[in-house]
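Each chain, written out:
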Amino acid sequence: MSSPIFVAIDTPDLERAKTIATRIRNHVGGIKLGLEFFCANGRQGIREMADLGLPVFLDLKLHDIPNTVGKAVQALRPLEPAILTVHAAGGRAMLEDAKAAAPLGTKVVAVTVLTSLDRSDLGAIGVEDEPHDQVARLTGLAREAGLDGVVCSGNEVAAARASWPDGFFVVPGVRPADAQAGDQKRVVTPRAALDAGASILVIGRPITQAQDPDLAARAIAATL
Ligand SMILES: O=c1ccn([C@@H]2O[C@H](COP(=O)(O)O)[C@@H](O)[C@H]2O)c(=O)[nH]1
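Residues numbered from 1 in each chain as written. Predicted model: local features only at pLDDT ≥ 70, side-chain atom pairs only at ≥ 80, totals over all residues.

Caption draft 1: Layout of the UniProt feature "domain: Orotidine 5'-phosphate decarboxylase" (unreviewed entry) in the protein chain. The sites that UniProt annotates as "domain: Orotidine 5'-phosphate decarboxylase" (unreviewed entry) are residues 4-220. For residues 4-220, helix accounts for 43% and strand for 17%, while the C-alpha atoms at its two ends are 11 Å apart. (UniProt positions renumbered as here; feature names shortened; annotations may be inferred. Helix = DSSP H or I, 4+ residues; strand = E, 2+ residues; numbered from the N terminus.)

Structural data, given as C-alpha cells:
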C-alpha cells in the first residue's frame with residue numbers, strides 16, 4: 001500500500017518545490033500544492049510538479065458562488081489532480097457544481113473547519129457550535145452533495161468516518177509528538193490520525209522545514 005502521507009509543499013519557489021518533492025518521493029504517497037504555490041506558478045507549475053510522477057493534491061479551497069466555482073473547476077480539469085478541495089461553507093449547490101465539473105478520477109473533498117481554528121475562533125465568526133459539531137454538520141452536507149469526502153482535524157475524523165464509512169478523509173494539522181504546532185490549533189500525531197480513520201495525512205512544515213526532509217518523512221512514516 002502506498003504511504004498515506006501527502007506532503008504540503010508550501011512555497012512560491014518552483015525549483016525549491018521540485019527539490020523537496022524529488023528528495024521525499026520514495027517515502028510519501030503524494031504532494032499537496034496549495035494557494036501559495038498556485039498563485040506563484042499557476043497551472044504550468046502544477047504540470048511541472050505532476051511530471052515528477054507523484055499524485056498531486058490541488059488544495060485551492062475554492063469558495064464562491066456555484067457558477068464561479070464550477071467554471072474554476074472546469075479550468076482546472078486538464079490538470080486532472082488526484083484530489084481537489086472546495087470549502088463546504090460555500091453551500092450545497094456550490095459543492096454539487098464543483099463535483100459535476102471535476103474530472104471523474106478526481107476526488108473532490110470539502111474543507112469543514114480549518115485546523116487553525118478553535119472554539120473561540122468559530123465564535124468570532126458567529127458559529128456557536130463546538131468544532132466537532134460544525135464538522136459533523138458540514139460532513140453531512142458534503143455527503144448529500146455527492147462529494148468524495150472532507151477535510152477535518154484528527155479530533156473529528158473518527159466521528160466523521162462513523163457517519164460516512166466509505167468517505168475519503170483528509171487530515172491536516174498533523175504533528176509528530178515533538179514538533180511545533182505553529183498556527184495549527186486542532187493537532188494530532190500522525191499515528192493517532194490514522195488510527196482514528198484518516199484516509200490520508202497532510203504534513204507540511206515538519207517535513208519541508210526539516211534540515212533533511214527525506215529523513216523527516218522517513219521518521220514519520222516509521223511511526224505509522
Ligand atoms: O483545515 C486545513 C486545511 C488545509 N490545511 C493545509 O494543510 C497544510 C498543513 O501544513 P503544515 O505545515 O503541516 O501545518 C497547509 O498547506 C494548509 O494550507 C490545513 O492546515 N488545515
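Caption draft 2: Focus on the environment of Gln 184. With respect to the secondary-structure elements, Gln 184 resides in the loop between β7 (168-171) and α8 (190-195). Judged by C-beta crowding, with 20 C-beta atoms within 10 Å, Gln 184 ranks as buried. Taking the C-alpha atoms as reference, Gln 184 lies 20 Å from Ser 199; in sequence the two are 15 residues apart. Apart from residues lying up to four places away in sequence, Gln 184 is in contact with Thr 115, Ser 116, Gly 173 and Arg 175. (Buried ≥ 20, exposed ≤ 12 C-beta atoms within 10 Å, placed from the backbone. Contact = placed C-beta atoms within 7 Å.)

Caption draft 3: Spatial organisation of the sheet that holds β7. In space, the 8 strands of this closed barrel follow the order β1-β2-β3-β4-β5-β6-β7-β8, with parallel pairing throughout. In this sheet, adjacent strand axes meet at a mean angle of 25 degrees when their direction is disregarded. Pairing geometry for strand β1 (residues 5-8) and strand β2 (residues 30-34), over 3 bridges, is parallel. Its bridge partner being in β2, Phe 6 is matched across the sheet by Gly 30. Sitting on the sheet, helix α2 (residues 35-50) is in contact with β2 and β3 (56-62), with an inclination near 140 degrees to β2. (Pairing = 2+ DSSP bridges. Axes fitted to C-alpha atoms, helices over the stretch in contact; angles between N-to-C directions.)

Caption draft 4: View of the packing of helix α3 (residues 66-76) against helix α4 (residues 92-101). At their nearest, the axes of α3 and α4 sit 8 Å apart, and the two run at 20 degrees to each other. In this view, α3 runs roughly parallel relative to α4, as classed from their interaxial angle. In this structure, α3 meets α4 at a crossing whose hand is right-handed. Across the interface between the two elements, Pro 66, Val 69, Gly 70, Val 73 and Gln 74 of α3 pack against Ala 93, Met 94, Asp 97, Ala 98, Ala 100 and Ala 101 of α4. Its residues placed into classes, the contact of α3 with α4 shows 8 nonpolar, 2 polar and 1 charged. (Parallel < 35°, antiparallel > 145°, perpendicular 65-115°, else oblique. Left-handed = near helix turned anticlockwise from the far one by under 90°. Nonpolar A, V, L, I, M, F, W, Y, C, P; charged D, E, K, R; others polar.)

Caption draft 5: Region of interest: the pairing of β3. Of all 7 residues that make up β3, 5 are buried, and the element is covered over most of its length. Looking at chain direction, β2 and β3 are connected through 4 bridges and run parallel. Its bridge partner being in β3, Ile 31 is matched across the sheet by Val 56. Between β2 and its parallel partner β3, the chain crosses via α2, and the hand of that crossover is right-handed. As paired strands, β3 and strand β4 (residues 83-87) are joined by 3 bridges and run parallel to one another. Counterpart to Leu 58 in the pairing with β4 is Leu 84. Of the crossover connections in this fold, the one passing from β3 over α3 to the parallel β4 is right-handed. (Right-handed = clockwise from strand over helix to strand, strands pointing away.)

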